[in-house]
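# Working through the structure, step by step
Residue-level listing of the chains:
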Amino acid sequence: MRLFVAALLSLTLPAHAGEVPRRPVHTYSIVARDAVTGDLGVAVQSHWFSVGSSVPWAEAGVGAVATQSFTDPTYGALGLALMKAGKPAPEALKALLAADPDREVRQVAMVDAQGRVAAHTGAKCIQAAGHDLGEGFTVEANLMDKATVWPAMAKAFRTAKGDLADRLLAALRAAQAEGGDIRGQQSAAILIVKGKASGQPWNDRLFDLRVEDNPDPLKELGRLIQLRRAYRLMDEGDGYVTAAKWPEAKAAYAAAAKLAPGVWEMPFWQAVALASSSKLEEALPIFKQVFAAEPFWKRLVPRLAEVDQLPRDPALLKAIEAQ
């Protein structure tokens, strides 16, 4: 194990002190494990463009990492590699810091799949800067308006209701309500993965959302979280259709529509699924509603039949296009 860790650390960490830090992403963030589901997540906000492209890292069944201040992305990549190799989060972070000559400008936090946490705020992080460790989570911030930001985040996460996405977002909102980044707001992101890996990484990412540049990034992130939930419900509905579980499919589709009113693509594909499963009478009113709101969907109907996404039944197609 020692040789493996040494080999990892030699790959990409800075070779000597004084190397220019890669990116000054001053920000506040939270990394956490959901005690009920085991899901792992990171949420972050900054007055810096595209914070989600550098700060949050997570892998299902392994852990989550936030690397910020004068950020070094190798903390994300190597942190996950070390935890995957069996290192608890505190040991993984300790090893990476020991190999980094610029550790005092770093702020890093980690949580592993067992909920063990670790965080580091370097002495040269711009004030106000600090972190708090909680049960299964850490909150961290630098370049804040005041030193009460990260304690407010911890309190909000502990007391918030809902799933992990709700609680992570509550922590970010609490930070902003407390003053947040002294420079204001610009971008935000949330990354949540499953607690256990399925072998299909594309299915293990529950939320992977970014707001790159927005005057109110947390409001926009909240909207995207709700929209993501709606699309996941649509996926569940499609799965139920495939399994011919129609009551469950209808419930999932209805819940999706409630979360995303006015997104007409959702009911359109619901109607397509119904029509393709010999439930045309249930599909027609939905098609009618969609076509009334956005007529261009009607032009798609014959194209779907051409590629077997709708039955090649002239009577069925005529009935749909008559709506």
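Presented here is an overview of the structure given in this document. Please read all numbers here as calculations on a predicted model, not as lab measurements. (Residues numbered from 1 in each chain as written. Predicted model: local features only at pLDDT ≥ 70, side-chain atom pairs only at ≥ 80, totals over all residues. Heavy atoms only, no water.)

### Observations concerning the packing of helix 7 (residues 217-242) against helix 8 (residues 246-259)
Rules: Under this scheme, a helix contributes an axis fitted over its contacting stretch, all axes are lines through C-alpha atoms, and angles between N-to-C directions fall in the 0 to 180 degree range. Secondary structure elements follow DSSP: runs of H or I of four or more residues count as helices, runs of E of two or more count as strands, with numbering from the N terminus. Here roughly perpendicular refers to angles of 65 to 115 degrees, roughly parallel to angles under 35, roughly antiparallel to angles over 145, and oblique to all remaining angles. Crossings are sorted by hand: turned counterclockwise from the far helix by less than a right angle, the near helix makes the crossing left-handed, and turned clockwise it makes it right-handed. Working rule for contacts: check all heavy atoms of both residues, and any pair within 4.5 Å makes them a contact. Residues are grouped as follows: Ala, Val, Leu, Ile, Met, Phe, Trp, Tyr, Cys and Pro are nonpolar; Asp, Glu, Lys and Arg are charged; every other residue, Gly included, is polar.
Contact geometry of helix 7 with helix 8 gives a least axis separation of 8 Å together with a crossing angle of 165 degrees. Between helix 7 and helix 8, the angle is such that the two are roughly antiparallel. The crossing of helix 7 and helix 8 is left-handed. Contact residues: Gln 226, Arg 229, Ala 230, Leu 233, Met 234, Glu 236, Gly 237, Asp 238, Tyr 240 and Val 241 in helix 7; Trp 246, Glu 248, Ala 249, Ala 252, Tyr 253, Ala 255, Ala 256 and Leu 259 in helix 8. Of the residues in the contact of helix 7 with helix 8, the class split is 12 nonpolar, two polar and four charged.

### Topic: the nonpolar core
Spelled out, the test is: By nonpolar core is meant a set of buried Ala, Val, Leu, Ile, Met, Phe, Trp, Tyr and Cys residues that side-chain atoms within 4.5 Å join together. Throughout, exposure labels follow a simple rule: accessible area from a 1.4 Å probe, protein chains only, divided by the maximum for the residue type, with under 20% read as buried, over 50% as exposed, and the rest as partly exposed.
Counting residues in hydrophobic clusters, the biggest one holds 32 residues, and the most contacted among them are Ile 30, Met 153, Leu 168, Ile 190 and Leu 221. At the level of secondary structure, the elements contributing two or more residues to this core comprise strand 2 (27-33), strand 9 (137-141), helix 4 (149-159), helix 5 (164-177), strand 10 (187-193), strand 11 (205-211) and helix 7. Those residues in contact with Leu 221 that sit more than four places away from it in its chain are Leu 169, Leu 172, Ala 188, Ala 189, Ile 190, Leu 209 and Val 211.

### Remarks on the pattern of salt bridges
Going by this rule: Salt bridges, as used here, are contacts in which a Lys or Arg side-chain nitrogen is within 4 Å of a carboxyl oxygen on Asp or Glu.
Considering all chains together, one arrives at 12 salt bridges under this definition. The closest approach of N and O atoms between Arg 106 and Asp 100, which form a salt bridge, is 2.8 Å. Owing to a relative accessible area of 0%, Asp 100 belongs among the buried residues under this scheme. With a closest N to O distance of 3.0 Å, Lys 250 and Glu 282 form a salt bridge. Here Lys 250 is found in helix 8, whereas its partner Glu 282 is found in helix 10 (residues 280-293), with 32 residues between them in sequence. We classify Glu 282 as partly exposed; its relative accessible area is 33%. Ionic contacts of the salt-bridge type, sharing partners, join the residues Asp 72, Asp 100 and Arg 106 into one network.

### Notes on the packing of aromatic side chains
The description of two aromatic rings rests on the distance between their centres and on the angle between their planes. The following threshold applies: For Phe, Tyr and Trp, where Trp contributes only its six-membered ring, two rings pair if their centres lie within 6.5 Å, and the inter-plane angle classes them as stacked under 30 degrees, edge-to-face over 60, or tilted in between. Only when the NZ atom of a Lys or the CZ atom of an Arg is both within 6 Å of the ring centre and within 35 degrees of the ring normal do we say a charge sits over the ring.
Inspection of the entire model under this criterion finds six aromatic pairs. Aromatic pair Phe 137 and Phe 157: ring centres 4.8 Å apart, planes at 50 degrees, arrangement tilted. Taken together, the residues span a long stretch of sequence, with Phe 137 in strand 9 and Phe 157 in helix 4 at a distance of 20 residues. Given the relative accessible area of 2%, Phe 157 is considered buried. Here the aromatic rings of Phe 296 and Trp 297 are separated by 5.4 Å at their centres, their planes lie at 35 degrees, and the arrangement is tilted. Its relative accessible area of 46% is what places Phe 296 among the partly exposed residues. Looking at Trp 297, the relative accessible area reads 9%, which means it is buried. These aromatic residues form a ring-pair network of at least three members: Phe 268, Trp 269, Phe 287, Phe 291, Phe 296 and Trp 297. Across from the ring centre of Phe 157, 4.0 Å away, lies the NZ or CZ of Arg 167, which sits over that ring.

### Some words on the environment of Ala 171
Inspection of the secondary structure puts Ala 171 in helix 5. Judged by relative accessible area, which is 0%, Ala 171 ranks as buried. Counting along the chain gives 32 residues from Ala 171 to Val 139, while the straight-line C-alpha distance between them is 8.5 Å. Excluding residues that lie within four positions of it along the chain, Ala 171 makes contacts with Ile 30, Met 153, Ala 156 and Phe 157.

### Overview of the sheet that holds strand 11
Note the following rule: Strands were regarded as paired on the criterion that DSSP finds at least two bridges between them.
Here we have six strands laid out as an open sheet, ordered 8-9-2-3-10-11, and antiparallel in their pairing. Only two strands of the sheet have a single partner each, and these edge strands are strand 8 (130-134) and strand 11. Between one strand and the next, the sheet's axes are offset by a mean angle of 5 degrees, whatever the strand orientation. Strand direction decides the pairing type here: strand 8 and strand 9, joined by five bridges, are antiparallel.

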